[in-house]
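Coordinate inspection notes
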Amino acid sequence: MELFSVSFPPPIEPPVMQIASRVSNGFYRVLYMALSDGTVIAMALIVDLKKTGAFHLDYFCVRPGLRGGGIGSLFFKEVVQYLAKERKYSMLTLEAKKELTTWYTRQGCFNFEVQSDEFGAFKWYMLMIPLCSMPVLKQRETSQPPARALRKNSITRVLKSGVKELKGVLNSI
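What comes next is a walk through the structure.

Scoring rules and cut-offs
- Residues numbered from 1 in each chain as written.
- Predicted model: local features only at pLDDT ≥ 70, side-chain atom pairs only at ≥ 80, totals over all residues.
- Heavy atoms only, no water.
- Phe/Tyr/Trp six-rings, centres within 6.5 Å; stacked < 30°, edge-to-face > 60°.
- Buried < 20%, exposed > 50% of the residue type's maximum accessible area, 1.4 Å probe, protein only.
- Helix = DSSP H or I, 4+ residues; strand = E, 2+ residues; numbered from the N terminus.
- Lys NZ or Arg CZ within 6 Å of the ring centre and 35° of its normal.
- Arc of directions from axis to C-beta.
- Core = buried A, V, L, I, M, F, W, Y, C linked by side-chain atoms within 4.5 Å.
- Contact = heavy atoms within 4.5 Å.

Summed over all chains, the structure comprises 13 aromatic pairs. Centre to centre, the rings of Phe-27 and Tyr-28 are 5.0 Å apart; their planes meet at 70 degrees, and the pair counts as edge-to-face. Taking relative accessible area as the criterion, Phe-27 reaches 40% and is therefore assigned partly exposed. Exposure remark for Tyr-28: the relative accessible area of 3% places this residue in the buried category. Ring geometry for Phe-76 against Trp-103: centres 6.0 Å apart, planes inclined by 75 degrees, an arrangement best described as edge-to-face. Of this pair, Phe-76 sits in helix α3 (residues 71-86) while Trp-103 sits in helix α4 (residues 98-106), placing them 27 residues apart in sequence. We note that Phe-76, like Trp-103, is buried. Connected via pairs of aromatic rings, a cluster forms that spans Phe-4, Phe-8, Phe-27, Tyr-28 and Tyr-59. If you follow Arg-22 out to its NZ or CZ, it ends over the ring of Phe-27, 5.8 Å from the centre. Its end group placed over the ring of Tyr-125, Lys-98 keeps NZ or CZ at 5.1 Å from the ring centre.

Below, the structure is given as structure tokens:
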């Protein structure tokens, strides 16, 4: 849970022990990407929203120092593919701070442009990405900078590891 604690420091986010408890009791599924030496470089905490029939991405992070090189984009796409292969639900929902909504729309998410939460200066907005074929959703046109090129050495290491699901004891995540 070290990656969670450096990516989501209190007081804005819950303490690591609370998140670890939610993982242990099955509330969260942990998907992660690791290097061949076991170093976790990206993780996602997923909630199974049985009553609404969707997955919800509650937390998503990439190790500091590796951000901005395309690992997050690669990991996000792999998480979406991983969940889509289960064929359990038709969508993945998430909330993002305003400054991150453009990044998520570049990953294929639909921005509802609805504020879902507010904590101090932070405002979160609702987004979703289909996990199966759906009617075409029209995204509002925005001028977006092109996605940054992936660092080749990072891609090679990441592609070898793929997305994994944590089952059991929390190790080095």
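Back to the text.
For the rest of this paragraph, the subject is helix α2 (residues 16-24). Here α2 has its buried residues at Ile-19, Ala-20 and Val-23. For α2, the buried positions fall inside an angular range of 100 degrees around the axis, keeping them on one side. Residues of α2 that are exposed and point more than 90 degrees away from the buried face comprise Met-17 and Ser-24.

Here the focus is the nonpolar core. One finds Ile-46, Leu-57, Phe-76, Leu-92 and Tyr-104 to be the most contacted residues of the largest nonpolar core, which totals 28 residues. Those elements giving two or more residues to this core turn out to be β1 (28-34), β2 (40-49), β3 (54-62), α3, β4 (91-97), α4 and β6 (122-130). Per-element accounting of this core gives the leading share, 6 residues, to α3. Here Phe-76 is in contact with Leu-57, Phe-60, Leu-94, Trp-103, Tyr-104, Gln-107, Cys-109 and Ile-129, once residues within four sequence places are set aside. One finds Tyr-32, Ala-34, Met-43 and Cys-61 within the second-largest nonpolar core, a separate group that totals 17 residues.

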